[in-house]
Amino acid sequence: MNEDGRVQTVGFADPKLLAAYHTLESGTFEDRRLHAALAQAVKTLKKNPEAGPKVPRPLWPRIYTQVHGIDNLRKLDLPDGWRLTYTLKGSRLEVMS
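Residues numbered from 1 in each chain as written. Predicted model: local features only at pLDDT ≥ 70, side-chain atom pairs only at ≥ 80, totals over all residues. Heavy atoms only, no water.

Draft legend 1. Here's a closer look at the overall build of the protein. For the protein, the count of helices and strands is three helices and four strands. Radius of gyration (C-alpha) of the protein: 13 Å, near the 13 Å computed for a compact globule of 97 residues. Seen through its principal axes, the protein has C-alpha atoms that stretch 35 × 30 × 25 Å. Residues classed as buried in the protein amount to 33% of the 97 residues present. (Helix = DSSP H or I, 4+ residues; strand = E, 2+ residues; numbered from the N terminus. Rg over C-alpha atoms; globule rule 2.2 N^0.38 Å. Buried < 20%, exposed > 50% of the residue type's maximum accessible area, 1.4 Å probe, protein only.)

Put into structure tokens, the structure is as follows:
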């Protein structure tokens, strides 16, 4: 994070995840609604990266630590039961799922 506590960049942990995000933009009404919610969540997290609560370590998917080497995990609830999980790496916020 920079001096004022904001995230400088946002990235996706997996290129397939980024592709899926972009696909939502031209999908069904529900897909577009989810895309808009995700875009708003990213804006929120850029301003306040700690907006989502921490996920307790025992609940972290093993692949997140093995492949991505995370040392923190947070989540942000989205409409219709969706959630965004993310990790903070310095001034970068990385979307996990």
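Draft legend 2. Layout of the nonpolar core. Core analysis: the largest hydrophobic core is formed by 14 residues, its most contacted members being Leu38, Leu45, Leu78, Leu84, Tyr86 and Leu93. Sorting the residues of this core by element identifies helix H1 (15-24), helix H2 (29-47), strand S3 (83-89) and strand S4 (92-95) as the ones contributing at least two each. In terms of residue count, the dominant contributor to this core is H2 (five residues). Core analysis: the second largest hydrophobic core is formed by seven residues, Trp60, Tyr64, Ile70 and Leu73 among them. (Core = buried A, V, L, I, M, F, W, Y, C linked by side-chain atoms within 4.5 Å.)

Draft legend 3. Structural detail: the environment of Val95. By the element assignment, Val95 lies in strand S4. Here Val95 is in contact with Val10, Gly11, Phe12, Ala13, Leu17, Leu84, Thr85 and Tyr86, once residues within four sequence places are set aside. (Contact = heavy atoms within 4.5 Å.)

Draft legend 4. Focus on H2. For H2, with 19 residues, the first-to-last C-alpha span of 28 Å sits near the 27 Å given by 1.5 Å per residue. The complete set of buried residues in H2 reads Leu34, His35, Ala37, Leu38, Ala41, Val42 and Leu45. All buried residues of H2 lie within an arc of 165° about the axis, which places them on one face of the element. In H2, the exposed positions angled more than 90 degrees off the buried face are occupied by Phe29, Lys43 and Lys47. In the core, the buried residues of H2 are packed alongside strand S1 (9-12), H1, strand S2 (74-77), S3 and S4. (Expected span 1.5 Å × (residues − 1). Arc of directions from axis to C-beta.)

Draft legend 5. Spotlight on unusual backbone geometry. Positive phi values are uncommon outside glycine, yet Asp80 reaches one of about 60°. Structurally, Asp80 is set in the loop between S2 and S3. Relative accessible area serves as the criterion here: at 58%, Asp80 is assigned to the exposed category.

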